[in-house]
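Notes for the structure review
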Amino acid sequence: MAVSTKNVSAYDVAGEGMCPHRLVLEHVTSRWGVLVLIELLDRPYRFGELRRAIGRVSEKMLTQTLQTLERDGLVHRDARPVIPPRVDYSLTALGREAAEQVRGLALWTQERMAQVEKAREAYDEAKART
């Protein structure tokens, strides 16, 4: 899918490798970013809950992902001064908008998986013949 060149930014024209919108796109579509955003669409989560809901993510990676998404204005971190400390993560309005887009892509991949598998098999068979 080609990106429209109608709204080319100064960063694109200058050939900047990681212009701001590309960097945010990388954050949103990263392996863990996608899963965090989709999971937070349902409700706010505490760190441990979110880690269990996502599965197979290290504490370090989840922390980094949440901090990155928080910095981008997509995730809100609510730290409450109680004992034991309680920290909840939720989506901001901007984060909800991004998460809806990411979920749409995730649903599309789920719905089209059979076609992807057929294409992979055809590719692998063609490669094996050469």
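Refer to the structure presented above.
The sections below set out a description of the structure shown in this document.

Here is what the cut-offs are and how they apply
Residues numbered from 1 in each chain as written. Predicted model: local features only at pLDDT ≥ 70, side-chain atom pairs only at ≥ 80, totals over all residues. Heavy atoms only, no water. Core = buried A, V, L, I, M, F, W, Y, C linked by side-chain atoms within 4.5 Å. Buried < 20%, exposed > 50% of the residue type's maximum accessible area, 1.4 Å probe, protein only. Helix = DSSP H or I, 4+ residues; strand = E, 2+ residues; numbered from the N terminus. Pairing = 2+ DSSP bridges. Expected span 1.5 Å × (residues − 1). Arc of directions from axis to C-beta. Contact = heavy atoms within 4.5 Å. Axes fitted to C-alpha atoms, helices over the stretch in contact; angles between N-to-C directions. Parallel < 35°, antiparallel > 145°, perpendicular 65-115°, else oblique. Nonpolar A, V, L, I, M, F, W, Y, C, P; charged D, E, K, R; others polar. Salt bridge = Lys/Arg side-chain N within 4 Å of Asp/Glu carboxyl O.

Some thoughts on the nonpolar core
By size, the foremost hydrophobic cluster in this structure holds 21 residues, and its most contacted members are V36, L40 and L50. Of all the secondary-structure elements, those providing two or more residues to this core are α3 (31-40), α4 (47-54), α5 (59-71), β3 (86-91) and α6 (93-111). Of the residues forming this core, the biggest block, 4 residues, is contributed by α3.

Side note on the pairing of strand β2 (residues 75-80)
The pairing of β2 with β3 spans 6 bridges and is classified as antiparallel. Paired with R80 across the two strands is R86, which belongs to β3. Taken together, β2 and the strand that follows it, β3, pair antiparallel across an intervening segment of 5 residues.

Some thoughts on unusual backbone geometry
Look at the link from I83 to P84: it is a cis peptide, with omega at -5°. Topologically, P84 is positioned in the loop between β2 and β3.

What to know about the sheet that holds strand β1 (residues 45-46)
Taken in spatial order, the 3 strands of this open sheet run β1-β3-β2, and their pairing is antiparallel. Strand pairing shows two members of the sheet lacking a second neighbour, β1 and β2, which therefore form its edges. Direction of pairing for β1 relative to β3: antiparallel, over a ladder of 2 bridges. Its bridge partner being in β3, R46 is matched across the sheet by D88.

Re α5
For α5, which comprises 13 residues, the first-to-last C-alpha distance of 18 Å matches the rise-based estimate of 18 Å (1.5 Å per residue) to within 8%. All of the buried residues in α5 are L62, T65, L66 and L69. Across the axial projection of α5, the buried residues extend over an arc of 95°, all falling on one side. For α5, the exposed residues lying more than 90 degrees away from the buried face are K60 and R71. Buried residues belonging to α5 abut α2 (20-29), α3, α4, β2 and β3. Where α5 terminates, the next one or two residues include G73, which has phi positive at roughly 85°.

A short note on the packing of α3 against α5
Packed helices, taken two at a time, are described by the angle between their axes plus the distance between the axes. The N-to-C vectors of α3 and α5 enclose an angle of 70°; their axes lie 10 Å apart at closest approach. The orientation of α3 relative to α5 falls into the category roughly perpendicular. From α3, W32, G33, V36 and L37 reach across to α5, where they touch M61, L62, T65, L66 and L69. Per-class residue counts for the contact of α3 with α5 are 7 nonpolar, 2 polar and no charged.

Re the pattern of salt bridges
Per the stated rule, a full pass over the model turns up 6 salt bridges. Across the pair R43 and E49 runs a salt bridge whose closest N-O atoms are separated by 3.7 Å. Here R43 falls in the partly exposed class, since its relative accessible area comes to 37%. Relative accessible area serves as the criterion here: at 28%, E49 is assigned to the partly exposed category. A salt bridge links D88 to R80; its shortest N-O distance comes to 3.4 Å. For D88, a relative accessible area of 9% gives the class buried. Members of the salt-bridge network, linked through shared partners, are D78, R80, R86 and D88.

Such coordinate-based values are descriptive only and should not be taken to indicate function.
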